[in-house]
Amino acid sequence: MDKKETDDKKAAVIERESQTEALREMLRAPAAAPLAPLPLETLVPEVRQQTPAVRQRATRPDARLHGLGQTKYIDDFYLPGMLFAKIKRAGIASARIVRIDTKEAEALPGVVAVVTARDVPCNSFGPSLKDQPVLAGERVFHAGDGVAAVAAVTEQIAAEALEKIEVEYEPVTPVLDPLESLKLETPGLHAPNPNIYGHKVIRKGDVEKGFAASYRIFEASYRTQMVEHVPLEPHSSLATWDANGRVTIYSTLGRITLGRADLARTLAVPMSRIRIIATVVGGNFGGKNEITTEPVVALLAKKTGRPVKCTFTRPEEFTSSTTRHPIIMDYKTGVTKEGRILARQVRLVLDGGAYCSWSETTLAKACILSPGPYDIENIYAEAFVVYTNKTMTGAMRGFGAPQVCFAYESHMDDIAEALGIDPLEIRLRNVLREGSLSPTSQQLHSVVVRETLLQAAQRFGWNGAEVRA
Amino acid sequence: MAKVTLTVNGEARTASVSPETTLLRLLREEFGLTGSKLGCDVGDCGACTVMVDGKSVNSCLMLAVQADGRDVVTIEGLATMERLHPLQQLFEDKGSLQCGFCGPGIIISAKALLDENPDPTEEEIRDALAGNLCRCTGYSKMIEAVRAVARAGRDERTAGSVA
Amino acid sequence: MKAFEVVVARNSRHAVALLAERVPTAKVKVIAGGTDLMADLKFAPSSHAPDVVVDISRADDLRHISMTDAGLSIGALVTHTEIMRSPVIRDLFPALLDAAHTIGAVQTRNLGTLGGNLVTAVPSVDSGPTLVALDARVTLLSPAGQRAMPLADFFVGPRKTALKPDELLVDILIPRENLGKPACFLKFGLRKGQALALVNVAASFWVDWDRNVFVAPRIALGAVAPKVIHASSAQAYLEGRAIEPAAMAEAGRLAVGDAKPINDFRASAEYRRDLIAVLSRRALEGAYALAQSKRSGKVAGGLQASRRGER
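Residues numbered from 1 in each chain as written. Chains lettered and ligands numbered in written order. Predicted model: local features only at pLDDT ≥ 70, side-chain atom pairs only at ≥ 80, totals over all residues.

Asks: Tell me about the packing of helix α9 (residues 256–267) of chain A against helix α10 (residues 294–304) of chain A, residues and numbers included.
Replies: Residues and elements named next belong to chain A. Packing of α9 against α10 leaves a shortest axis separation of 10 Å and a crossing angle of 45 degrees. Regarding the angle of α9 to α10, the classification is oblique. In this structure, α9 crosses over α10, and the sense of that crossing is right-handed. Note on element contacts: α10 touches α9 through Glu 294, Pro 295 and Ala 298, opposite Gly 259, Leu 263, Thr 266 and Leu 267. Among the residues making up the contact of α9 with α10, the classes are represented as four nonpolar, two polar and one charged. (Axes fitted to C-alpha atoms, helices over the stretch in contact; angles between N-to-C directions. Helix = DSSP H or I, 4+ residues; strand = E, 2+ residues; numbered from the N terminus. Parallel < 35°, antiparallel > 145°, perpendicular 65-115°, else oblique. Left-handed = near helix turned anticlockwise from the far one by under 90°. Contact = placed C-beta atoms within 7 Å. Nonpolar A, V, L, I, M, F, W, Y, C, P; charged D, E, K, R; others polar.)

See below:
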């Protein structure tokens, strides 16, 4: 980089800094002082203006310790006197728990404590609906439900103790198909609440009028599968109580404030007595946005008076953490002869699994994005999320966006082929433009879908892309 | 209990462990070398990769007693804060690690490759790293870093032969 | 993982003596590289766990690749990496090198052994098809002595072999008459690295150059039946037939009928049937290409032979 260029960059930075000096001053105000309203505009970069950080090379501050193998993730912590916890998993999708016998496990040398649902002060939590138990009490709703937990002097003894816990189940017919769950006559998993626990509708224009004016109408159904985040670092937490009845929990949690609220609720301890230390997270991807092992280790630590750590096994990552929602996506699209979309109707059925988790957020985002990045005058999109006796589904990168993207882009390809239009061309004829209205009728600015498509087409050498660009 | 004596990062170490203890647990729990990670415990993810007698292995699949008398190198044996191994330097410079959990295993796999083959092709690098999973999807920058280390080594050798 | 005792064998005779001593009174497992056994034991219920594990990883008499009067002898402890680096195997059977290369990843190939791979006997065993196609025989050692059998018979079913609890697989032999017999191994997995085969195939035959016909053709299929099988009807069809593309394609189609693929989460039976036809044909083409290059004195490296099949 030559000197002039460097100086120019510096000047740009300085100029920008002086512009935001007033803002900085406000941000510097002590937390106790009443906050002046922030001028929102200055926080938003000008359209098509890059912030000074763009194109600057940066080294991650944590890179050195990562590379040296010195970064400490929770499983790397060993506190003096620490015990290891393991959780017994139901292994059955739907059942009533008739009896749990933990005597033999408790008698195993090296086992210090066993807890079940009876030991949980308030056995329900969740980021929105509080429908998830810490440990299943009367009912098992999916195979990955915990039914008991053991703290022992070694992991191996804790694992062995799990085998000695006897659980008698009375199987209940599971609901596995989301479309089955959607039917009103299907018994509710969490009765008296209905199986449909979230619903959203987006209306824009009049789809019936749009379909009536269409040259052709295309209908198709798409499905996606369940996906696990598979963070390289399994879920883990470590709890230790101090002499004054305060608990410190080290956790791989992405949302500690929310986790603190859930812990206060489940442990029935004031939030002021709970301290969560979020350690370096070895991959989150949305899967570590809510508590899992935290209340269990806290209860075991309280019962034993010793620090307790619990780390998921890899199988538990798949059965007992959240996953991405499978969605059944029905599309109906009316088009002109030239491939211009006049109306689009969408129905989404999200498989919510056994508990709500972040389903409501996912449902909303999937529904809003389901018509795709296309300028469509008439839209009707409806989304449902239903309970099934499966691993719960929750937050995962994109919150429902990747699933609907797969559906509407597949649909576009099918339509293009049927009409004999180039797949790129049909998209260019329909994409959102500057000032277009989104499916929720928000006016959009800084829209570069067209430019992005053209650049992409040129870079991977799509037929004819050179000509258009 | 089984007595295990081995060389770890150049030092003779001894421990008494129960026979079913894996090499990974020996390193982490007896020797406090927590750089090698437990990711899957079945040899799929490579986070536990260490070198035994110069070859990369999954330490979660090897019994500690099988490592008795052998020479083990872990990520902790590569460098200090002041003097990095070229791989660690380049992984840092290229931003090859994101969450970092897979990093120690990947760097050991790359070291095992470069020790045997100082000038690998990209195909060979990919093959050497195939047993190390990264979910942050940072593979291209890792490959870039390994290539850069190989290139630097090649330049050094060329300079040496000219001089 | 449940606690167990580990006894270390100094050599194969010692290992067999340890088995004889412990098997009558305890649940015993043998560990070599441990890549299959350890993964199985980690999450196995303790009722399935062994009381005693005999560690043969130091039985160095089983770590050899040597030419004998009977043929090429490969010790059970030879690792997949060692197979990939053996000049003898590269020269005589590049297909074995290709097969070894598709197993797991570097770390597991450094630990995992040929014997262990065969003894685990999953239907998709990657070491299996090439050796079966080359009529390999295995030697089993017990205190009573040795016995040998064709590898094809050693495999009994999914994870089942003819090995008795007090026996040890010690040697894999490719018979003298098949030394240098052109062979090609192809595997189709869902990924390039660390994938289990949806289908794996090995083809091998001699060429009668005067008449340009197949001699002693073999096609072995993995992952499409309870164990590695010969595609018998395809083999019978090819015997003495003129070598031409149509014959190879027809053999591929016949091989489909010899297999009994299943539906599972990796692929449907229908998809596997398609793969069998295509891969069998390509493996025959690969083996023929190798035969031609050997004849003209240019030995194609193993990898090139397999890449041709990946198209």
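Anyway, onward from the coordinates.
Asks: I'd like to hear about the interface of chain C and chain B, residue by residue, with values.
Replies: Taken together, the contact between chain C and chain B spans 23 residues of the former and 23 residues of the latter. When residues of the side of chain C that touches chain B are traced back to their parent elements, those giving at least two are β1 (5–8), α2 (37–42) and α6 (106–111) of chain C. Ranked by residue count, the leading element in the side of chain C that touches chain B is α6(C), at five residues.

Asks: With reference to specific residues and values, describe the sheet that holds strand β3 (residues 49–52) of chain B.
Replies: Residues and elements named next belong to chain B. Pairing is mixed in the open sheet, where five strands are placed in the order β2-β1-β5-β3-β4. The two strands at the open ends of the sheet, each matched to only one other strand, are β2 (11–17) and β4 (55–58). Neighbour-to-neighbour, the strand axes of the sheet open up by a mean angle of 40 degrees, direction not taken into account. The sheet contacts of helix α3 (residues 103–116) involve β3 and β4, and relative to β3 the element is tilted by about 35 degrees. (Pairing = 2+ DSSP bridges.)

Asks: Tell me what's going on with the domain arrangement of chain B, and back it up with residues and numbers.
Replies: Accessible area lost upon the coming together of the parts is a frequently used measure of interface size. Residue and element names in this part refer to chain B. Parsing chain B into structural domains produces domain 1 (2–77) and domain 2 (86–162). Using C-alpha coordinates to define each centre, domain 1 is positioned 22 Å away from domain 2. Elements with a minimum of two residues in the side of domain 1 that touches domain 2: β3 and β4. Among the elements that line the side of domain 1 that touches domain 2, the one with the most residues is β3, at three residues. Considering only residue class, the side of domain 1 that touches domain 2 consists of six nonpolar, six polar and two charged. (Domains from an automatic or database assignment.)

Asks: Could you give an account of the interface of chain A and chain C, naming the residues involved and the relevant values?
Replies: Across the boundary between the two partners, chain A contributes four residues, which contact six residues of chain C. Counting residues per element, the side of chain A that touches chain C draws most heavily on helix α6 (residues 155–163) of chain A, which supplies three residues. Taken together, the residues of the side of chain A that touches chain C break down into one nonpolar, one polar and two charged.

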